[in-house]
Amino acid sequence: MAKKDLDWGNIGFQYRVTDKRYVSEWKGGEWDEGRLTDDPNVVLNESAGILQYCQQVFEGLKAYTWEDGSIVCFRPDMNAERIFNSAKRMEMPPFPKERFVRAVEEVVRANADWVPPFGSGATLYLRPYEFATGVVIGVKPADEYQFRIFATPVGPYYKGGATPISIIVSDFDRAAPHGTGAVKAGLNYAMSLHSSVLAHTAGYAENLYLDAASRSYVEETGGSNAIFVDGEGTLVIPKSDSILPSITRRSIVYVAEHYLHLKVDERPVLFDEVKGFKECGLCGTAAVLSPVGRIVNHDEVINFPSGMEKAGKVMGELYNTLTGIQSGKIEAPEGWIHVIR
Ligand code: PLP
Ligand code: COI
C-alpha cells in the first residue's frame, strides 16, 4: 500500500473519486447486508423521492493519519446518532448506529491510500448519506432507500485555513422555528445556496443567519456553528432549537471547560451583543475552527479586536487543543478516537 500521489498540502475542499464506497439498500422493510462498491454513480427512477421531494439526510466526519501511521476517526458514534435522528425526522428508516460505525471503518480501510499523510494539514472526509430511491408522486415518504458512504481527501474548507475570514449577515432565513434546522438534511443546504452565492459574489466567505422569528438572535452559518469570546474571556455559545447540534462545537465546549478551564455560557445570543465580543469563530467538521475577523450586516461593520491577521488567543488555543487531540498529539477524552484496524 502506498499513499496516492497528491500535493496533499494544496488539495482544497473538493470531491475526488476514491477507490471504494459503501452502499446498503432498504427494500421490503429492511436493510440489506451492505457492501463496498467501485461504482461512484447512482441510477435512479425519474420519480424517486429524493428527486421529487428532497428526502435526504447526510453526515460529515473525518479520518486522520497519526504520526505512527495508524488511521483514526473522530467520534463516529456521534455522527451515527445524529443521522439516526435526522432520518427519523425526515420519515426515513434510520440506519442502525453500530452498522454505521462499521461501514465507516470499511470505507476508511478500503481507501487507506487516500487518507492524507500525518502533518499534511489534509484529512479524509467521509460523507455518509441516506436518500429515497423509491418512487413517489403524491407527497409521502418513499418505500425504498439507500444508505451510502463515500470518502474524499480534503484540505481546509475556508480558503486561507487559519487566517480570519469575513462573513455577512444574510437577509434570508436558514431554518424556521420548529422546522428542520437541527437536522442534517440536504434541503437546509439547497435553500442556503442563493444567499451563499450572494455572499461569495460580494467577497464574503460565509453567511451568518439570524433566527427567522425575530431576526435578532444569532443562529449559525451555512455550514458551521458560530462561537464567541466575550470581554471576560468567557466562551459564548449561541443556543437555539433551529441550529445543527455540531459535534465539533460540543467537543470545543468540552475542551474549553476541561482542558483550558474556561467559563462557557450556552444561551440565546442577541446579534446586538456581538459588537461587544472579542473573538468569533466558525466550527464544524469541514471548517474545523475558522477565526472570523469581521461580520458585516448592511451598514454595520463589526471588526473583532482579534483582527484579520491571525486567530485571537482563545480561538487559537481551542484550535490547537482540538486539532492536537484529533492528530494524536494531545490525549483525547475517553471514546473520542476510533482507531481503524
Ligand atoms: N452547522 C451546519 C449548518 C453544518 O452544515 C455543519 C457541518 O456539519 C455544522 C454546523 C458543524 O457540525 P459538525 O461539527 O458536527 O460537523
Ligand atoms: C461538514 O462540516 O461536515 C459539513 O457537512 C458542512 C458542509 C458545509 C461541508
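Cut-offs applied
- Residues numbered from 1 in each chain as written.
- Chains lettered and ligands numbered in written order.
- Predicted model: local features only at pLDDT ≥ 70, side-chain atom pairs only at ≥ 80, totals over all residues.
- Heavy atoms only, no water.
- Helix = DSSP H or I, 4+ residues; strand = E, 2+ residues; numbered from the N terminus.
- Expected span 1.5 Å × (residues − 1).
- Buried < 20%, exposed > 50% of the residue type's maximum accessible area, 1.4 Å probe, protein only.
- Polar contact = N/O pair within 3.5 Å; in protein donor to acceptor, adjacent residues only side chain to side chain.
- Salt bridge = Lys/Arg side-chain N within 4 Å of Asp/Glu carboxyl O.
- Axes fitted to C-alpha atoms, helices over the stretch in contact; angles between N-to-C directions.
- Parallel < 35°, antiparallel > 145°, perpendicular 65-115°, else oblique.
- Contact = heavy atoms within 4.5 Å.
- Nonpolar A, V, L, I, M, F, W, Y, C, P; charged D, E, K, R; others polar.
- Pairing = 2+ DSSP bridges.
- Core = buried A, V, L, I, M, F, W, Y, C linked by side-chain atoms within 4.5 Å.
- Near = heavy atom within 4 Å.
- Areas by Shrake-Rupley, 256 points an atom, 1.4 Å probe, with all protein chains shown as cover.
- Domains from an automatic or database assignment.
- Patch = residues over 30% accessible without salt bridge, like charges linked within 9 Å, V, L, I, M, F, W, Y side chains within 5 Å.

Peer 1: Please provide a residue-by-residue account of helix α6 (residues 247–258), values included.
Peer 2: Taking 1.5 Å per residue as the helical rise, α6 with its 12 residues ought to reach 16 Å, and the 16 Å between its terminal C-alpha atoms agrees with that figure. For α6, every residue scored as buried is listed here: Ile247, Thr248, Arg249, Ser251, Ile252, Val253, Val255 and Ala256. With a side-chain oxygen positioned 3.2 Å from the backbone nitrogen of Thr248, the residue opening α6 is Ser246.

Peer 1: Describe the pattern of salt bridges, with residues and values.
Peer 2: Inspection of the entire model under this criterion finds 14 salt bridges. Among the ionic pairs, Lys4 bridges to Asp19, the shortest N-O distance being 3.5 Å. Highlighted residues: Lys4 in the segment before β1 (21–27) and Asp19 in the segment before β1, separated in sequence by 15 residues. Between Glu81 and Lys97 there is a salt bridge, with its nearest N and O atoms 3.2 Å apart. Separated by 16 residues along the polypeptide, Glu81 in helix α2 (residues 76–89) and Lys97 in helix α3 (residues 97–110) bring together distant segments of the chain. Residue Glu81 is classed as partly exposed on the basis of its relative accessible area of 36%. Residue classification places Lys97 among the partly exposed positions, given a relative accessible area of 29%.

Peer 1: Before we move on, can you summarise the packing of α6 against helix α8 (residues 313–326) with the specific residues and values?
Peer 2: Relative orientation of the contacting elements α6 and α8 amounts to 110 degrees, with a least axis distance of 10 Å. Compared by their axis directions, α6 and α8 come out roughly perpendicular. Every residue of α8 that contacts α6 at Thr248, Ser251, Ile252, Val255 and Ala256 is listed here: Leu318, Thr321, Leu322 and Ile325. Each residue belonging to the contact of α6 with α8 can be placed in one class, and the counts come to 6 nonpolar, 3 polar and no charged.

Peer 1: So what's going on with the pairing of strand β7 (residues 123–132)? Which residues, and what values?
Peer 2: Across the 10 residues of β7, 9 count as buried, placing the element largely inside the fold. As judged from the 3 bridges shared by strand β4 (residues 56–58) and β7, these two strands associate in the antiparallel manner. Bridge assignment links Gln56 to a residue of β7, and that residue is Phe131. As paired elements, strand β5 (residues 61–65) and β7 share 3 bridges and run antiparallel to each other. Bridging from a neighbouring strand, Leu61 pairs with Leu126 of β7. The sheet contact formed by β7 and strand β8 (residues 145–154) spans 10 bridges and is antiparallel. Bridging across to β8, Leu126 finds its partner in Ala151.

Peer 1: Could you give me a rundown of the nonpolar core, with the residues and numbers involved?
Peer 2: In terms of nonpolar packing, the biggest core is built from 35 residues, with Phe100, Val104, Val108, Leu126, Phe147 and Ile149 touching the most fellow members. Within the residue set of this core, elements represented by two or more residues are β1, β5, β6 (71–74), α2, α3, β7 and β8. Of all the elements, α3 adds the most residues to this core, at 6 residues. Among all residues touching Val108, those that are not within four sequence positions of it are Ala63, Ile71, Cys73, Val115, Leu126 and Ile340. Listed in part, the 23 residues of the second largest apolar core include Trp66, Ile227, Val288 and Met315.

Peer 1: Give a description of unusual backbone geometry that names residues and reports values.
Peer 2: Not every positive phi belongs to a glycine, and Arg75 is a case in point at roughly 50 degrees. Secondary-structure assignment places Arg75 in the loop between β6 and α2. A residue is classified by how much of its surface remains accessible, and Arg75, at 12% relative accessible area, is buried. The backbone of Glu91 sits at a positive phi, close to 55 degrees, despite the residue not being glycine. By the element assignment, Glu91 lies in the loop between α2 and α3.

Peer 1: Could you give me a rundown of the site of ligand 2, with the residues and numbers involved?
Peer 2: Within the structure, ligand 2 sits among Phe58, Gly60, Tyr125, Arg127, Tyr157, Lys184, Gly223, Thr285 and Ala286. Lys184 is positioned with one of its side-chain polar atoms (N or O) 2.7 Å from an oxygen atom of ligand 2. A distance of 3.5 Å separates an oxygen atom of ligand 2 from a polar backbone atom of Thr285. With the chains in place, 90% of the 280 Å² that ligand 2 exposes on its own is no longer accessible. Residues of the shell around ligand 2, tallied by class, amount to 4 nonpolar, 3 polar and 2 charged. No fewer than three residues from each of domain 1 (8–154) and domain 2 (165–327) sit in the shell around ligand 2.

Peer 1: I'd like a description of a nonpolar patch on the surface, backed by residues and values.
Peer 2: On the surface, a nonpolar cluster with roughly 210 Å² of combined accessible area is contributed by Val42, Leu44 and Leu51. Looking at the secondary structure, you find Leu44 in the loop between β3 (35–37) and α1 (49–53).

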